[in-house]
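The lines below spell out each chain.
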Amino acid sequence: AVEFIEEAFKLNPKDPDILNLKGLLYLLKCAVADIVPKPAEKEINWEVVYKFAKLHKVTSTLYFSISKLPDDYKSSITHLEEYSLDYKKNIVLDVNRAYELERIEKTLAENNIDYIFLKGSVSKKFYIDSSMRPMNDIDILFRGADLKEVTKLFEAMGYGIAHSSAKDICCINKSNHLLVEMQTHLIDEGYTLWYNYLEKIWGHCSSLPDKPNQYLMTKEDFYIYHVIHMAKHFLNGGIGIKHFLDLYIMNKNKYIESAKVDSCLEVLGVLQFKNTIENLCLYWFDGVNNFDNHKDVQLLTKYIFLGGAFGNSQNQEAGSLAKSGKKKTSLAAKLFPSMDTMINFYGSFLKNHKWLLPLYWLRLNIERLLRFDKKSKAKLKIIKSLSDEDIKNTKEVFTICGLI
């Protein structure tokens, strides 16, 4: 699939737009803007469009547009039934999520636990139809709560632990398989500047009059968090198109007071990143070009689209090398990651007891050996296949965004 998708990035000298993505982006824009799309004048490779839509988990969103196309044109679209099925599945998931949110709200209120719904649970409200915004899980931030005790409450509601780490616990509903990710911090502690700002979020929040335990971020804080969250994932393998759609819709709806947000993001070192991704949204969805050269757009678009919904190992490894300025990662760096990387993985206990780092290195490598599988072998293969050009392009992408 990756090799097939790579073919979409072979540039046509007569057409500076990256092939087939123009049609995909146009249909996504029509979906979120409630526009009836027009059939493409030029032939589109619908196989490529479908593979990108699946990779970024936006097939159900795309169907909102595809369903409005003329019947005779739709008949030429490959995977039409799959689009329709994903759309119907997502409607069911959206209804199930709404039901689960009510159950969660009731349980947390009964136990006097303060919380904030994050990410998709908030941004889906920006869309004309909440099912248009795909979600992988329900993310919840808790204040001063013991996650082990909260997990017991979820277990009483029919959830089991899907996976856990030092910084969060993910539970899965045993009947409908919905995921809930529970966390006590908005970002890993190794991102010190961002972490320190986001830890103050509770002081800016307000609770709902009818739900005193449920808090909402200010619009500006939600936007700042959204940009920081995107920057973090962008640096660590990539982030999917749905987050760019969120950004595009918020700006179209004039969601925030820009000057206030910009001054804060400048202090946090991500103003250039925010400006770059906003300009990329304008280019993709509105055809507005604020870039100095088209190569920047090509590099950014390729990095983002090949990364998929959650990033990939190739982007992650190339990004690590681009940030470090090295051509290849040494074995020592792999076996003994930096303190910040280890804190991000293991949490605040290591941050407060840094002298334990050698023991945590030992723990990490034992865990790696125990869970070494086909995925691990595939990742090693990807790392070995990285070229100097891959690393160079990733470094250029980070430079364009002001992240290095």
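The structure displayed is predicted, hence computed values, not measured ones.

Participant: What exactly am I supposed to notice about the overall build of the protein here?
Facilitator: Each helix and strand counted, the protein has 21 helices and seven strands in total. Put simply, the protein has 404 residues, and 49% of those count as buried. Sequence-distant contacts in the protein: of pairs separated by 6 or more residues, those separated by 24 or more amount to 67%. Of the accessible surface of the protein, which amounts to about 20300 Å², a share of 55% is contributed by carbon and sulfur atoms.

Participant: Can you help me understand the nonpolar core in this one?
Facilitator: One recurring pattern in soluble globular proteins is that nonpolar side chains are buried together. F234, F244, V270, F273 and W284 are the most contacted members of the largest nonpolar core, which totals 88 residues. Ignoring sequence-local partners within four residues, the contact set of F234 consists of I239, F273, L300, Y303, I304, V397, F398, C401 and L403. One finds I140, L147, V180 and M182 within the second-largest nonpolar core, a separate group that totals 21 residues.

Participant: Help me out: how do you make sense of empty space enclosed by the protein in this one?
Facilitator: In this approach, a probe sized like a water molecule rolls over the atoms, and the result shows the empty space that is left. With the rule as written, the count across this model stands at one cavity of 30 Å³ or more. As for the largest cavity, its lining consists of K119, G120, S123, R133, F222, Y225, H226, H229, H243 and D246. Counting only elements with at least two residues in the lining of the largest cavity, the list comes to α7 (120–123), α10 (219–235) and α11 (241–252). Among the elements that line the lining of the largest cavity, the one with the most residues is α10, at four residues. Here the residues of the lining of the largest cavity are counted per class, giving two nonpolar, five polar and three charged.

Participant: Honestly, the packing of aromatic side chains in this entry has me stumped. Any pointers?
Facilitator: Aromatic ring pairs are described here by two measures, namely the spacing of the ring centres and the angle between the planes. Taken as a whole and judged by the stated rule, the model has 20 aromatic pairs. Plain terms: the ring middles of W284 and F305 are 5.4 Å apart, the flat faces sit at 70° to each other, and that makes the pair edge-to-face. With W284 in helix α13 (residues 271–286) and F305 in helix α14 (residues 294–307), this residue pair connects regions lying 21 residues apart in the sequence. Here W284 matches F305 in class, with each residue buried. By the ring-pair criterion, three or more aromatic residues cluster together here, those being F52, F244, Y248, W284, F285 and F305.

Participant: Looking at this structure, how should I read the packing of helix α15 (residues 313–324) against helix α21 (residues 388–400)?
Facilitator: Think of two packed helices as two axes; the pair is described by the angle between the axes and how far apart they sit. Their axes nearest at 8 Å, the elements α15 and α21 cross at an angle of 75°. Classed by the angle they form, the pair α15 and α21 counts as roughly perpendicular. Note on element contacts: α21 touches α15 through D390, I391, T394, K395 and F398, opposite Q314, A318, G319, L321, A322 and K323. Grouping the constituent residues of the contact of α15 with α21 by class yields five nonpolar, three polar and three charged.

Participant: What am I meant to see in a nonpolar patch on the surface here?
Facilitator: On the surface, a nonpolar cluster with roughly 440 Å² of combined accessible area is contributed by L359, L362, I366 and L370. Here L370 lies in helix α19 (residues 357–370). For L370, a relative accessible area of 73% corresponds to the exposed category.

Participant: Sorry if this is basic, but what is going on with the confidence of the model for the protein here?
Facilitator: For any part of a model where pLDDT is low, the fine detail of the predicted coordinates should not be relied upon. Summing up the model confidence of the protein, the mean pLDDT is 87 and the portion of residues at 70 or higher is 89%. Mean pLDDT values over the elements of the protein span from 43, in helix α1 (residues 2–7), up to 97, in strand β1 (residues 115–118). Scored below 50 in pLDDT, residues 1–17 makes 29 contacts in the model with residues more than four places away or belonging to other chains.

Participant: Explanation requested: the environment of W194 in the structure shown.
Facilitator: Along the chain, W194 falls in helix α9 (residues 192–198). Relative accessible area serves as the criterion here: at 9%, W194 is assigned to the buried category. If we skip the residues at most four places from it in the chain, W194 touches I187, I228, A231, K232, L235, L268 and V270.

What counts and how
- Residues numbered from 1 in each chain as written.
- Predicted model: local features only at pLDDT ≥ 70, side-chain atom pairs only at ≥ 80, totals over all residues.
- Heavy atoms only, no water.
- Helix = DSSP H or I, 4+ residues; strand = E, 2+ residues; numbered from the N terminus.
- Buried < 20%, exposed > 50% of the residue type's maximum accessible area, 1.4 Å probe, protein only.
- Contact = heavy atoms within 4.5 Å.
- Areas by Shrake-Rupley, 256 points an atom, 1.4 Å probe, with all protein chains shown as cover.
- Core = buried A, V, L, I, M, F, W, Y, C linked by side-chain atoms within 4.5 Å.
- 1 Å grid on protein atoms, 1.4 Å probe; cavity = no way out; pocket = protein on both sides within 12 Å on 5 of 7 lines; lining within 4 Å.
- Points joined across faces, edges and corners; volume = space filled by probe spheres on them.
- Nonpolar A, V, L, I, M, F, W, Y, C, P; charged D, E, K, R; others polar.
- Phe/Tyr/Trp six-rings, centres within 6.5 Å; stacked < 30°, edge-to-face > 60°.
- Axes fitted to C-alpha atoms, helices over the stretch in contact; angles between N-to-C directions.
- Parallel < 35°, antiparallel > 145°, perpendicular 65-115°, else oblique.
- Patch = residues over 30% accessible without salt bridge, like charges linked within 9 Å, V, L, I, M, F, W, Y side chains within 5 Å.
- Salt bridge = Lys/Arg side-chain N within 4 Å of Asp/Glu carboxyl O.
- pLDDT = per-residue confidence, 0-100.

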